[in-house]
Amino acid sequence: MKFEIIKKEKTLIKISDKLSDLYSMPIKSDKILFVTDRTCFKKFKDIIEKAGTEFSKKYFILTLSEKEKNLKSLKKILLFLLKNNFSRTDFVIPFGGGSVCDIAALAASLYMRGINLFMIPTTFLSQIDAAFGGKNGADLGKYKNMIGVFRQPDYLFCGVSFYGEQEIKNGYGELLKYFILKPSNFPKNKVSFALSLKKDLKARIKCVKECLKIKAQFVKADPLDLQGIREYLNLGHTAAHAFESASLKNISHGEAVLLGLKYEYLLSKEIFKKNPPQGAVIENFLTLLSPIKINSRLNFRDFIKAVRKDKKNKGKKNTFFLFSPKGEILKMSGINERILDKIFRRICDEHIGYKRPQS
Ligand SMILES: NC(=O)c1ccc[n+]([C@@H]2O[C@H](COP(=O)([O-])OP(=O)(O)OC[C@H]3O[C@@H](n4cnc5c(N)ncnc54)[C@H](O)[C@@H]3O)[C@@H](O)[C@H]2O)c1
């Protein structure tokens, strides 16, 4: 199964349940560098070792991927490429979840102003979102994705049998985002479709393909995120990134996106004084599919600091997407921080072991 999504950038995408398809990808190169993390290296050792036997292979293994998506790792990968005499015709192959894909793709984009890039995302979340679209980046301090470049991968292989039920669950936040952006592209009963992904590989292929198609539409219309179109892929992410930063990344990106979508739904209800139509599917995901209870201590000061650093702000204090009572998705900036605090406390009360500080 192969198809090209973005003609201009010529990303060759394969989505398959047969791992043997991985070995038929048309790669020509002398050297390849696999960037992965300890968990993936252990889990996929056989696959990694079988791939590209005709090449000289090197491995760069991160230890705690999400917490290492930073400048220090970037520098280490770049120096590794230099020390091992990689040239522009060689390949960097990120083999892991979204954090590995983000940091390794950033290194591949910077090294010699761009070396071949073949992404092999191994989580459901990274297959439906992180590995495609060209945003490659790293965190700066505790703030998410503050540095990066735009560059599509040359090849993308999504093996839907790489992961189990837990990884499906971790991708529900980003999946829900696509359900909300383009509901008619998916079956009517969203909850049962999402549930079926846990066992049904054919449904996974269909789902990854559909999500990438949707993402490609936004990316094609606004590749560098300058026209206010691509921003909609960031639905729920203002609060999501702020939850991740405020928890010092003790909340996973997948969980944070679910909480971020709920945050924007509750904020919409508070501002428009009416329940938006998207509320039901968001509540269903958080009650039926992925109830979240995080044992962490968060405070609004850290949360709001991260909200103020969001890339969508463009001079404003904060920017969120809201759902109007009719269901339109509207971008709104400069919302009163007292209202943001109220919704933050509500999310913390319901999902995070947050104790209200004594005043
Ligand atoms: N660039 C983008 O457009 C974009 C979009 C969405 C998300 N992201 C980024 O993606 C990251 C989140 O990605 P993620 O959810 O894949 O998390 P992750 O990359 O942090 O991986 C989470 C854990 O899953 C493990 N793992 C990876 N593959 C596995 C497998 N097949 N089976 C079992 N365990 C596996 C990893 O070792 C890691 O411990 C965040 O940093 C987020 O900012 C980027």
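Values in this document were obtained by computation on a predicted structure and should not be read as measured data.

### Describing the packing of aromatic side chains
And step 1. Tallying each qualifying case throughout the model produces 25 aromatic pairs.
And step 2. Taking the centre distance of 4.8 Å and the plane angle of 65° together, the rings of F179 and F186 count as edge-to-face. Take F179 and F186: they sit in the same class, and that class is buried.
And step 3. Their ring planes at 40° and their centres at 5.5 Å tell us that Y263 and F303 sit as a pair that is tilted. Note that Y263 is positioned in helix 11 (residues 253-272) and F303 in helix 13 (residues 300-308), a separation of 40 residues in sequence.

### Comments concerning the packing of helix 7 (residues 172-181) against helix 9 (residues 201-221)
And step 1. Following both chains from N to C, one finds helix 7 and helix 9 inclined at 65°, their axes separated by 11 Å at the closest point. Considering only the axes of helix 7 and helix 9, their crossing is left-handed. Residues L175, Y178 and L181 of helix 7 form the contact with helix 9, whose own contacting residues are C207, C211, I214, K215 and F218.
And step 2. A class-by-class count of the residues in the contact of helix 7 with helix 9 yields 7 nonpolar, no polar and 1 charged.

### Brief notes about the environment of F179
And step 1. Summarising the element assignment, F179 is placed in helix 7.
And step 2. Of the residues examined, F179 reaches a relative accessible area of 3% and is grouped as buried.
And step 3. Along the backbone, F179 and F95 are 84 residues apart, and their C-alpha atoms lie at a distance of 27 Å.
And step 4. When near neighbours in sequence (up to four residues on either side) are disregarded, F179 contacts F186, K190, F193, A194 and F285.

### Topic: the domain arrangement of the protein chain
One frequent convention defines the size of an interface as the accessible area lost when the parts assemble.
And step 1. According to the domain assignment, the protein chain contains domain 1 (2-163) and domain 2 (235-351).
And step 2. Counting residues at the interface gives 9 residues for domain 1 and 13 residues for domain 2.
And step 3. A buried area of about 1,200 Å², summed over both sides, lies between domain 1 and domain 2, and 58% of it is on carbon and sulfur atoms.
And step 4. For the domain 1 face of the interface with domain 2, the top three residues by lost area are K142, Y143 and K144, together amounting to 50%.
And step 5. Inspection of the domain 1/domain 2 interface yields 3 salt bridges.
And step 6. A salt bridge links K142 to D302; the shortest N-O distance between them is 4.0 Å.
And step 7. Scanning the region where domain 1 abuts domain 2 turns up 6 residue pairs in polar contact (both at pLDDT 80 or more).
And step 8. Element by element, the count of residues in the side of domain 1 that touches domain 2 is highest for strand 8 (residues 143-150), at 4 residues.
And step 9. Residues belonging to the side of domain 1 that touches domain 2 are distributed by class as follows: 3 nonpolar, 1 polar and 5 charged.

### Points about the nonpolar core
And step 1. In this structure, F118, L175, F243, Y263 and F303 are the most contacted members of the largest nonpolar core, which totals 118 residues.
And step 2. Of all the elements, helix 9 adds the most residues to this core, at 10 residues.
And step 3. Counting residues domain by domain, this core receives three or more from each of domain 1 (2-163) and domain 2 (235-351).
And step 4. With residues up to four places along the chain from it excluded, the contact list for F118 reads L22, M25, I27, F91, V92, I93, P94, Y155, L156 and F157.

### Concerning the pattern of salt bridges
And step 1. This structure, assessed with the given rule, holds 24 salt bridges.
And step 2. K202 is the salt-bridge partner of D17, the closest N and O atoms lying 2.8 Å from each other. Here K202 lies in helix 9 and D17 lies in the loop between strand 2 (12-16) and strand 3 (31-37), a separation of 185 residues in the sequence.
And step 3. The exposed category is assigned to K202, whose relative accessible area is 55%.
And step 4. Put simply, K314 and E231 hold a salt bridge, and the shortest N to O gap is 2.6 Å. With a gap of 83 residues between them, K314 in the loop between helix 13 and strand 10 (319-323) and E231 in the loop between helix 9 and helix 10 (237-246) connect regions that are remote in the sequence.
And step 5. According to the relative accessible area criterion, E231 is buried, its value standing at 4%.
And step 6. What emerges from the salt-bridge pattern is a single network uniting K69, D102, D139 and K249.

The rules behind each value
For every chain, the first residue of the written sequence is number 1, and numbering continues from 1 along that sequence. Given that this is a predicted model, residues contribute local features only at a pLDDT of at least 70 and side-chain atom pairs are listed and counted only at 80 or more, while totals for whole chains, interfaces and linings are drawn from all residues. Heavy atoms from the whole structure form the basis of all side-chain values; hydrogens and water molecules are not counted. Centre distance within 6.5 Å is the pairing criterion for rings of Phe, Tyr and Trp, where only the six-membered ring of Trp is used; planes under 30 degrees apart are then read as stacked, over 60 as edge-to-face, and the remainder as tilted. Only protein chains enter the accessibility calculation, which uses a 1.4 Å probe; a residue whose area is less than 20% of its type maximum is buried, one above 50% is exposed, and one in between is partly exposed. Put simply, DSSP H or I for four residues or longer makes a helix, DSSP E for two residues or longer makes a strand, and each gets a number counted from the N terminus. All axes here are fitted lines through C-alpha atoms, helices being fitted over the stretch that makes contact, and every angle between N-to-C directions spans 0 to 180 degrees. If you view the pair so one helix is near and one far, a crossing is left-handed when the near helix is turned anticlockwise from the far one by less than a right angle, and right-handed when it is turned clockwise. Pairs of residues are marked as contacts when any of their non-hydrogen atoms sit within 4.5 Å. Three classes are used, and their members are as follows: Ala, Val, Leu, Ile, Met, Phe, Trp, Tyr, Cys and Pro are nonpolar, Asp, Glu, Lys and Arg are charged, and the others, Gly among them, are polar. Where each domain starts and ends comes from a domain assignment, either automatic or drawn from a database. Accessible area that two parts lose when put together, evaluated with a 1.4 Å probe and summed over both, is termed the buried area. Throughout this description, the term salt bridge denotes a Lys or Arg side-chain nitrogen within 4 Å of a carboxyl oxygen of Asp or Glu. Between N or O atoms, a polar contact is any pair within 3.5 Å; within protein, one atom must be a potential hydrogen donor and the other a potential acceptor, and residues adjacent in sequence are included only when both atoms are from side chains. Residues belong to one nonpolar core when they are buried, are Ala, Val, Leu, Ile, Met, Phe, Trp, Tyr or Cys, and are joined through side-chain atoms within 4.5 Å.

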